[in-house]
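Structural features, examined
Chain by chain, the residues run as shown.
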Amino acid sequence: MPTYKAPVDDVLFLVNDVFHLERYGNLPGFAEATSDTVEAILREAAKFSEEVLTPLNRVGDTEGCTRHDDGSVTTPKGFKDAYKQIVEGGWIGISVPEEYGGQGLPATMTVMVNELFCSANMAFAMYPGLTQGAIAALLAHASDELKKTYLPKMTAGTWTGTMNLTEPHCGTDLGLLRSKAVKQADGSYKITGTKIFISAGEHDLSENIIHLVLARIEGAPAGTKGISLFVAPKILVNADGSLGARNAVSCGSIEEKMGIHGNATCVMNYDGATGWLVGEENRGLNAMFTMMNEARLGVGVQGLAQSEVAYQNAAIYAKERLQGRSISGTKYKDKPADPIVVHPDVRRALLTMRAVNEAGRALVLWTALKGDVAHRSDNEKERQAADDHMSLLTPVIKGMLTDMGFQNTVLAQQVFGGHGYIAEHGMEQFVRDSRIAMIYEGANGIQALDLVGRKLAKDGGRAIMAFFNEVQAFLKERADSDAMNVYLKPLGASLAHLQQATMWLMNNAMAKPDNAGAGATDYLNLFGLVALGYMWARIAEAALAKPDEAAMKAKLVTGRFFVERMLPETAAHLARIEAGAGSLMELADAAF
């Protein structure tokens, strides 16, 4: 059975030594996020993750969720008690404003905690995670009345939340959705339609489930311009806040999935369900994107989290499994064979996972901090720059970290050899669970198209130029440091590849849009490698300040591995981008 040790010390190193959390003390909520407070919360989250959630991970996978004839759903054994501890610990409301019962701490704090929960038990962590996303959407767009009705209970965790977008005939193209909303005399709406792939759509963990639903108001324009967002609770709420009658929304079935069996992925039927408008009519996508951006960052964290737990177990196994002798001579003469960790190819796998995990965690925390600045700073220029960063990096984090997260779980499985294919060791579950992260909240190809088609050109390229300028300034200011140059020179070369690719797309995608589509995924991966390389440069600088610590020496070596053996892949991505769409689009449709 797999194990998990929360990487609290690594997170603390990032927030204290790399990103200097104390420098954000002028922002609301950060003054309370002292170094001691952050560590205390992370240690407690680690304990809960390791002792409660990790043992339930395989239970959730083997048992799954059960739908009953009355439409109710039972979660796997142990999930209800674990969720009760989530509620008692106040974990959902860490970053929610105090007026709604939250702790008002930075959203970055929630991101740190959620990585630990997702590594321990990804399927379980989705229940509170989706609620946090729904809370964010309501905070940003709901009326005061709706906020007062729903947010305190959702913050406490007594009620959970979902997002209902996808329909059987439309996924990414939400302009095709058919769910309709008919306005009633009292200002509410009757919602009718079917939604699919609804994570946590029905379960037995909370008293009520608050669904955020996209639908088209009767008579609204066709396409995405006519979509509105509604809140439709499973159980209607009385004027005094107590629970009333059951709403006309039900779980028609549970999807049979490749992984995340412990999460109830439902087909939801709305049969004239009562709902209330969130935000403005026909502006539902704008409101829902608040939740989707939260979700996409969270899905990137899922990729990182599965990669981390898979790496940890592969590293343990590699140090214990005896097989063959080192090709450079016996290393453990007292044993009948050397542990497989001595073999270069096993080390390649382990270092690849580790290099992505450490830099990926840094990229997530850097971006989460930018999100806090965007929402909490009173400086308009700072807010704009931080929002630009979030907009630009969200598709990169979602796409890159979930792609690499899946690849790394496969690498970890490979380290186990035949045992990796057997359920007992847990590797095959990590592979299955991590695969969904590449698909939901916008498949990674869509993330790439969003990056190339929308984010690069937005505001005249302001966000991408700010990224270029920041990395270039970092390189220039440290150019005389011999210790840093091992990281800086490869980063500079790869940054030049990214700039060249950006210019090529600007010059070749307008006249021939297929060039953008053909190069989008390579561009996202190129960008992601440069972003991870920049994170490694910042990690290395902080590690060099503590030369006597073994953990810091390990980081410096891991960072060197990344810039020497992974970062050079940017050249291949550039070559593919500059090849254009010719051979990709030449075959007739019928030839496939």
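The structure under discussion appears in the preceding block.
Our subject in this report is the structure included herewith. (Residues numbered from 1 in each chain as written. Predicted model: local features only at pLDDT ≥ 70, side-chain atom pairs only at ≥ 80, totals over all residues. Heavy atoms only, no water.)

Attention now goes to the environment of G445. One can find G445 in helix α11 (residues 444-455). Here G445 falls in the partly exposed class, since its relative accessible area comes to 36%. When the C-alpha atoms of G445 and A520 are compared, they prove to be 7.6 Å apart, with 75 residues separating the residues in sequence. (Helix = DSSP H or I, 4+ residues; strand = E, 2+ residues; numbered from the N terminus. Buried < 20%, exposed > 50% of the residue type's maximum accessible area, 1.4 Å probe, protein only.)

Direction vectors running N to C along helix α5 (residues 122-141) and helix α6 (residues 144-156) enclose 155°, while the axes themselves pass 10 Å from each other. In terms of axis orientation, α5 runs roughly antiparallel to α6. Our pair here, α5 against α6, has a crossing hand that is left-handed. Residues T131, A134, I135, L138 and L139 of α5 lie in contact with α6, whose contacting residues are K147, Y150, L151, M154 and T155. Its residues placed into classes, the contact of α5 with α6 shows 7 nonpolar, 2 polar and 1 charged. (Axes fitted to C-alpha atoms, helices over the stretch in contact; angles between N-to-C directions. Parallel < 35°, antiparallel > 145°, perpendicular 65-115°, else oblique. Left-handed = near helix turned anticlockwise from the far one by under 90°. Contact = heavy atoms within 4.5 Å. Nonpolar A, V, L, I, M, F, W, Y, C, P; charged D, E, K, R; others polar.)

Glancing now at unusual backbone geometry. If you check the backbone angles, N282 has positive phi at about 65° while not being a glycine. Mapped onto the fold, N282 is located in the loop between β11 (265-278) and α7 (284-320).

We now examine the side chain of S49. With respect to the secondary-structure elements, S49 resides in helix α2 (residues 35-63). Given a relative accessible area of 0%, S49 falls into the buried group. Beyond its immediate sequence surroundings of up to four residues, S49 is in contact with Y4, T54, L116, F117 and A120.

Moving on to helix α4 (residues 107-120). A turn of α-helix holds 3.6 residues, and therefore any two residues three or four places apart point the same way. With 14 residues, α4 ought to run about 20 Å at 1.5 Å a step, and its terminal C-alpha atoms sit 20 Å apart, in line with that. α4 sits mainly inside the fold: 12 of its 14 residues count as buried. Of the positions making up α4, those classed as buried are T108, M109, T110, V111, M112, V113, E115, L116, F117, C118, S119 and A120. (Expected span 1.5 Å × (residues − 1).)

Core analysis: the biggest nonpolar cluster contains 195 residues, and L42, L350, V415, F467, Y523 and F527 have the highest contact counts within it. In terms of residue count, helix α14 (residues 513-544) provides more of this core than any other element does, 18 residues in total. (Core = buried A, V, L, I, M, F, W, Y, C linked by side-chain atoms within 4.5 Å.)

All right, on to the packing of helix α12 (residues 462-477) against α14 then. Where α12 meets α14, the closest approach of the two axes is 11 Å, and the angle between their N-to-C directions is 35°. Regarding α12 and α14, the two cross each other, and that crossing is left-handed. Every residue of α14 that contacts α12 at I464, F467, E470, V471 and F474 is listed here: Y523, F527, V530, A531, Y534, A537, R538 and E541. Of the residues assigned to the contact of α12 with α14, the class counts are 10 nonpolar, no polar and 3 charged.

Aromatic ring pairs are reported here in terms of the distance separating the ring centres and the angle at which the planes meet. Enumeration according to the criterion identifies 12 aromatic pairs in this entry. Summarising the aromatic geometry, the rings of W366 and Y534 are spaced 5.5 Å apart at their centres and angled 70° between planes, so their arrangement reads as edge-to-face. Of the two residues, W366 is situated in helix α8 (residues 344-376) and Y534 in helix α14; the sequence distance between them amounts to 168 residues. Ring-pair connections join several aromatic residues into one group, and the members of that group are F48, W91 and F117. The side chain of R435 reaches across the aromatic face of F406, ending 5.4 Å from its centre. (Phe/Tyr/Trp six-rings, centres within 6.5 Å; stacked < 30°, edge-to-face > 60°. Lys NZ or Arg CZ within 6 Å of the ring centre and 35° of its normal.)

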